[in-house]
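These are the residues of each chain, in order.
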Amino acid sequence: MNTAVIGFPRVGKLRELKFASEKFFRQEISEEELLAVAAELRKEHWGFEKEAGIHYISSNDFSFYDGMLDTAVMLGAVPQSYRGLGLSDLATYFAMARGYQGDHGDVKAFPMKKWFNTNYHYMVPQLFDDMKLALSKDKLIGEYEEAKNAGILTKPVVIGPFTFLKLANYNGKKQLSDFVPEIRAVYEELFGELNKADVEWVQIDEPYLVTDLSAEDVALFVSLYTDILKSKGKVKVLLQTYFGDVRDCYEELTGLPFDGLGLDFLEGKQTLALLEKYGFPADKILFAGVVNGKNIWKCDYKKTLELLLTIKNIAKQVVIATSCSLLHVPYTLENETKLEEDVKKHFAFAKEKLTELSELAVLTEEAEPENSESYKKNQALFADERLYLDRGVQDAVAALKEEDFHREMARSEREKLQKEEFGLPLLPTTTIGSFPQTREVKRNRSSYRKGEIDKAAYDKQVFAFIKDCIKLQEDLDIDVLVHGEYERNDMVEFFGENLAGYVFTEKAWVQSYGTRCVKPPIIFGDVKRIRPITVSYSEYAQSLTSRPVKGMLTGPVTILNWSFPREDVSLKEMAYQIGISIRDEVCDLEAAGIRVIQIDEAALKEKLPIRRAEWYSEYLDWAIPAFRLCAGKIRPETQIHTHMCYSEFNEIVQDIDNMDADVISFEASRSNLTIIDALNAAHFETEVGPGVYDIHSPRVPSVDEIVDALRKMLAKIDPDKLWVNPDCGLKTRGIPETEASLKNLVAAAKIVRGEL
Ligand code: GLN
Ligand code: ZN
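It should be emphasised that the depicted structure is a prediction, and the values quoted were computed from it without experimental measurement.

Student: Go over the overall build of the protein with me, naming the residues and quoting the values.
Tutor: Across its full length, the protein holds 28 helices and 23 strands. Its C-alpha atoms give the protein a radius of gyration of 26 Å, near enough to 27 Å, the size a compact globule of 756 residues would have. Structurally, the protein occupies a C-alpha span of about 75 × 65 × 50 Å along its principal axes. Of all 756 residues assigned to the protein, the portion counted as buried reaches 48%.

Student: An account of the packing of helix α16 (residues 391-398) against helix α23 (residues 571-591) is needed here, citing residue identities and associated values.
Tutor: At a closest axis distance of 10 Å, the pairing of α16 and α23 adopts a crossing angle of 95°. Looking at the two axes, α16 sits roughly perpendicular to α23. Residue-level inspection shows Val393, Ala396 and Val397 of α16 in contact with α23, the latter providing Glu573, Tyr576, Gln577 and Ile580. Its residues placed into classes, the contact of α16 with α23 shows five nonpolar, one polar and one charged.

Student: So what's going on with the sheet that holds strand β10 (residues 201-205)? Residues and values would help.
Tutor: Overall, parallel pairing links the eight strands, which are arranged β1-β14-β13-β12-β11-β10-β8-β2 in an open sheet. Whereas interior strands pair on both sides, the edge strands pair on one side only; in this sheet they are β1 (2-4) and β2 (57-59). Within the sheet, the average angular offset between the axes of one strand and its neighbour, ignoring direction, is 30°. With six bridges connecting them, strand β13 (residues 285-291) and strand β14 (residues 317-322) associate as parallel partners. Looking at β14, one finds that Val291 is bridged to Thr322. Set on the sheet, helix α12 (residues 301-312) makes contact with β13 and β14; between it and β13 the angle comes to about 160°.

Student: Before we move on, could you go through the site of ligand 1 and cite the residues and values that matter?
Tutor: Neighbouring residues of ligand 1: 13 residues in total, closest Ile432, Gly433, Ser434, Ala602 and Gly729. Split into classes, the residues belonging to the shell around ligand 1 amount to six nonpolar, four polar and three charged.

Student: Would you mind going over the sheet that holds strand β23 (residues 687-690) in detail, with residue names and values included?
Tutor: Pairing within the open sheet is parallel, and its five strands lie in the order β19-β20-β21-β22-β23. One side of each edge strand has no neighbouring strand; the edge strands of this open sheet are β19 (550-554) and β23. Each strand of the sheet is rotated relative to its neighbour by a mean of 20°, with strand direction disregarded. Where β19 and strand β20 (residues 596-600) come together, five bridges link them in parallel fashion. Looking across to β20, one finds that Leu553 is bridged to Ile599.

Student: An account of the confidence of the model for the protein is requested, with residue identities and associated values reported.
Tutor: Confidence along the protein averages 96 in pLDDT terms, with 100% of residues attaining 70 or more. The complex prediction reports pTM at 0.91, with the ipTM value standing at 0.99.

Student: Help me get a handle on the UniProt feature "binding site: L-methionine" (unreviewed entry) in the protein, residues and values and all.
Tutor: UniProt annotation of "binding site: L-methionine" (unreviewed entry) refers to Ile432, Gly433, Ser434, Glu485 and Asp600 when read in the numbering used here. Spanning 169 residues, the named residues nonetheless gather at one spot, since no C-alpha pair among them exceeds 12.8 Å. Inspection of the secondary structure puts Ser434 in the loop between α17 (411-422) and α18 (439-449). Owing to 24 C-beta atoms within 10 Å, Ser434 belongs among the buried residues under this scheme. Not counting the four nearest positions on each side in its chain, Ser434 is found in contact with Gly484, Glu485, Gly729, Leu730 and Lys731. Locating Asp600 in the fold gives a position in strand β20. Among residues more than four places away in sequence, those in contact with Asp600 are Met491, Leu553, Thr554, Gly555, Thr558, Thr642 and His643.

Student: Explain the UniProt feature "domain: Cobalamin-independent methionine synthase MetE N-terminal" (unreviewed entry) in the protein residue by residue, including any values.
Tutor: Here, the residues flagged by UniProt with the feature "domain: Cobalamin-independent methionine synthase MetE N-terminal" (unreviewed entry) are residues 3-314. Secondary structure over residues 3-314 splits into 43% helix and 16% strand, and the C-alpha atoms at its two ends are 18 Å apart.

Student: Go over the environment of Thr505 with me, naming the residues and quoting the values.
Tutor: Structurally, Thr505 is set in the loop between β15 (499-503) and β16 (510-513). C-alpha separation for the pair Thr505 and Val210, spaced 295 residues apart in sequence, amounts to 32 Å.

Student: Any details on helix α19 (residues 455-476)? Residues and values, ideally.
Tutor: In a regular helix each residue adds 1.5 Å, so 22 residues correspond to 32 Å; α19 covers 31 Å between its end C-alpha atoms and thus fits that length. Inspection of α19 places Val462, Phe465, Ile466, Cys469, Ile470 and Gln473 among the buried residues, and these make up the whole buried set. Angularly, the buried residues of α19 cover 140° about the axis, an arc narrow enough to put them on a single face. Projecting away from the buried face of α19 at angles above 90 degrees are the exposed residues Ala456, Lys460, Asp468, Lys471 and Asp475. Check the buried side of α19 and you find it contacts α18 and α21 (535-543). Just past α19, the residue Asp477 takes up positive phi, approximately 65°.

Student: Explain the environment of Glu352 to me, using residue names and the numbers behind them.
Tutor: For Glu352, the position within the fold is in helix α14 (residues 350-365). Considered as a pair, Glu352 and Leu333 are 19 residues apart in the sequence and their alpha carbons are 7.4 Å apart. With residues up to four places along the chain from it excluded, the contact list for Glu352 reads Thr332 and Leu333.

Student: How would you summarise the packing of α19 against α21 if you had to cite specific residues and measurements?
Tutor: At their nearest, the axes of α19 and α21 sit 10 Å apart, and the two run at 40° to each other. The angle between α19 and α21 places the two elements in the oblique class. Between α19 and α21 lies a crossing whose hand is right-handed. Only Tyr537, Tyr540 and Ala541 of α21 make contact with α19, whose side of the interface consists of Val462, Phe463, Ile466 and Ile470.

Rules used in this analysis
Residues numbered from 1 in each chain as written. Chains lettered and ligands numbered in written order. Predicted model: local features only at pLDDT ≥ 70, side-chain atom pairs only at ≥ 80, totals over all residues. Helix = DSSP H or I, 4+ residues; strand = E, 2+ residues; numbered from the N terminus. Rg over C-alpha atoms; globule rule 2.2 N^0.38 Å. Buried ≥ 20, exposed ≤ 12 C-beta atoms within 10 Å, placed from the backbone. Axes fitted to C-alpha atoms, helices over the stretch in contact; angles between N-to-C directions. Parallel < 35°, antiparallel > 145°, perpendicular 65-115°, else oblique. Contact = placed C-beta atoms within 7 Å. Nonpolar A, V, L, I, M, F, W, Y, C, P; charged D, E, K, R; others polar. Pairing = 2+ DSSP bridges. Near = placed C-beta within 6 Å. pLDDT = per-residue confidence, 0-100. UniProt positions renumbered as here; feature names shortened; annotations may be inferred. Expected span 1.5 Å × (residues − 1). Arc of directions from axis to C-beta. Left-handed = near helix turned anticlockwise from the far one by under 90°.

Here you go:
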């Protein structure tokens, strides 16, 4: 069998692209230098794939920031406000990605959204009435030629028109259907170029097909491709899907003249059943996604070979593929020097997955694969008893009772009690937790990690940062303070380090958005808190001020969703194990005199199933209780905050209210305020702090802008329930812009307070 990779990570195994881009942003290197780093990385990645013997290697899976933004540029969907800045193409691109404030003008960044059920974020394309879509082929064809010159024939990858149109924002009168003729023409033109360049295969990604589709959606997809494929000429088209199954359009999809279909057999719960029910056309190649592109565990060859055998009985031509782009896993185990061998042997990152693909390909050709070395070695992993299992933890979860998930007083009663307890002004101001991670903060952490300073010296520094941070917030006259989170640069790793059952990597970075990468820890065994985690820092911060300082924790669902989970127990089991650990920490914070505790659920929605029918049964039925578990044992006066990194929770607004937090802050400045209507409609009880400015960009919001946002919010939200805060934590920002922004935030809150 042949093998295929949908996409490869692009930031570089040591995050070379991130560092080069950031230098470029700081004008420390030139555009040429940045381009050279990018070209070097592309070459290296194609090289890995070629060396591993992959047959279908992707090109144009590289991006300086995001593939969706690249597609917008390819289609000519660059709004006039960015074009008009008169910057170079690359600088214009970054202006859309990050905003721009300088001699050429002042524009905000495109909004950013979660990419389906991953922790990757894409830039939401912005369509305007005055836009004339037109092909800009340079990147796609250029990267194909570049690979070809390096001796590697690739399949260029591009996001398809259906997914693009479904995910775009429409800012004028023109709606999706108005853009159909234009976009169709651009893809037809693209086929002309692909033919000219002698491209053999192109991969068109249409992940939107795995969502719940209406009859109109399916009709739109069919009509788009019926037309576009007429121009395909001699280029073969692989229509690629991932993150789920195509249950709403399988027959239509197999009926269209594609040359290959890429289906996900891991997250696509019904993929195999669809094949069994409807068969698979003999004239098409099935790119079977059987090697997990999202998790880091070694693939079970026995199960995978059985699956491939079943598939092979239905489809004549099968290629073994990853289930999605490898963008969602780290580069390679090669850079991990500290993992125990008995742990490491269970893992496969992007590069190692290439080996799995080729080993599987060989095994499928063998009469008795069981006798092969690679097979035996693989199966030994699954036969052994795993490390780090803890019976006590399993029993504690089994013993949880209904009352463990409830606070002793109803929220409306708690609200009254807390208003008295804290005596805060209307529209209280606060921040989401972290303050800028300056060079000094990072240096302190790295000195400690390298063993240059001991824990006491490290903590002494952290305490000094906290002291400055409290002083700054008091000077700014913020009402509810934070300690600044200088002891962590990550919301999950920091907690994981104090939890048994977790293992950590050194270089296993995964792109979250643009130049931002995360290094998810791995849940390897049963999870249990080893020692208090944040208490000393919070206690110290509170000792410096009479204003309330928020204790700052990450919630169990987010810890789980931002870790690589086990595959041998359920997500619910893991969420409850972590929930009990966080509950222990909450109780210790309360005992130490912390009166407000924020339990961030930044990633609550991350694993919300793509299919609506599975929202509750597969997810919310345990995710919401896992959060509630954390606050099940504290006094009613203790105020629980939570925070989410998005405001698209209109559809689960009732569930968010059911988390039973006292206050929730969320990102809102980059999205319109439709969430507020949803809050009204649901009679939302939780007090809310919709973020008043965007922290993803260095831009400083003006007082007027914030006043305006608050007035809009107050048109719909009871002043008793509204908080004033930025969109998210400030750790990625610099000090000057943070101070300026918060100063404006407090000034705006005071102005609007005066109007009440
Ligand atoms: N408390 C965290 C911070 O401020 C929240 C970050 C997040 O939501 N991603 O950094
Ligand atoms: Zn956030």
